[in-house]
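Spelled out, the chains give:
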Amino acid sequence: ILVNASDNKQRDKKMSTIRIDIKPNENMIRIWNNGKGIPVVHHKDEKMFVPTLIFGHLLTSSNYDDDEKKVTGGRNGYGAKLCNIFSKKFIVETSCKESKASFKQTWLDNMTKTAEPHIGAADSEDFTCVTFYPDLTKFKMTELDKDVTDLFTRRAYDIAAATRGVKIFLNGKKLPINSFKDYVELFVKNKEDDLGNPLKVVHEVVNERWEIALTLSQA
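Conventions used here
- Residues numbered from 1 in each chain as written.
- Predicted model: local features only at pLDDT ≥ 70, side-chain atom pairs only at ≥ 80, totals over all residues.
- Heavy atoms only, no water.
- Helix = DSSP H or I, 4+ residues; strand = E, 2+ residues; numbered from the N terminus.
- Buried < 20%, exposed > 50% of the residue type's maximum accessible area, 1.4 Å probe, protein only.
- Expected span 1.5 Å × (residues − 1).
- Contact = heavy atoms within 4.5 Å.
- Polar contact = N/O pair within 3.5 Å; in protein donor to acceptor, adjacent residues only side chain to side chain.

Caption draft 1: Here's a closer look at unusual backbone geometry. Positive phi values are uncommon outside glycine, yet Asn 110 reaches one of about 65°. Residue position: Asn 110 is located in the loop between β4 (101–108) and β5 (113–114). Residue Asn 110 is classed as buried on the basis of its relative accessible area of 18%. You will see that Asn 171, though not glycine, has its phi angle at about 50°, which is positive. Tracing the chain through its elements places Asn 171 in the loop between β8 (167–170) and β9 (173–174).

Caption draft 2: Seen up close, helix α4 (residues 146–162). For α4, which comprises 17 residues, the first-to-last C-alpha distance of 24 Å matches the rise-based estimate of 24 Å (1.5 Å per residue) to within 8%. Among the residues making up α4, those that are buried are Val 148, Thr 149, Ala 156, Asp 158, Ile 159, Ala 160 and Ala 161. Buried residues along α4 sit against α1 (2–11), β1 (17–23), β8 and α5 (180–188). Put simply, Asp 145 is the residue that caps the front of α4, since its side-chain oxygen is 3.3 Å from the backbone nitrogen of Asp 147.

If you want it as structure tokens, here you go:
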């Protein structure tokens, strides 16, 4: 779900924000981005709304061509749908000015139950928000424990490093990562080499999608 939000930057250069909320006490995770909304239209072949197709039906995606140059993550649309399948509750909300409509649909019990989506007028700005409540029994867990939330937190930092030009908020606080260099410096701050020299970061932006950062000693 988070990779999908990050990938939306490739489709909408004006996207500026991703908000991640992890609430262990509620067993809830929410990912929101202000990129271009999902088209709220009926798919001409599948006869259902496009957001329903994306999140609630298997084997429906566009990322199949192995010869196509890849600039986004994911594979065959499985990630979001598997998240739905492994959730007790899964909610998709989006607003699309291009479609002049907003969309909200909820699935329950591992994607086995759902009602018709609610369609309304588009909001003033585009967005997509996915909220899910993991089915912890599937993972032999009783709560979102610290190990898991720490892993999710690390993933938020990873996305902040990899998604240039996008502010990442975690539980309401902006992460202090504005570039891949900032991310690497988190690992080498106050670190020294074997000779006691402070480590330095050499950083270069190769192109819009790639950055290189190396840690070097002064020796």
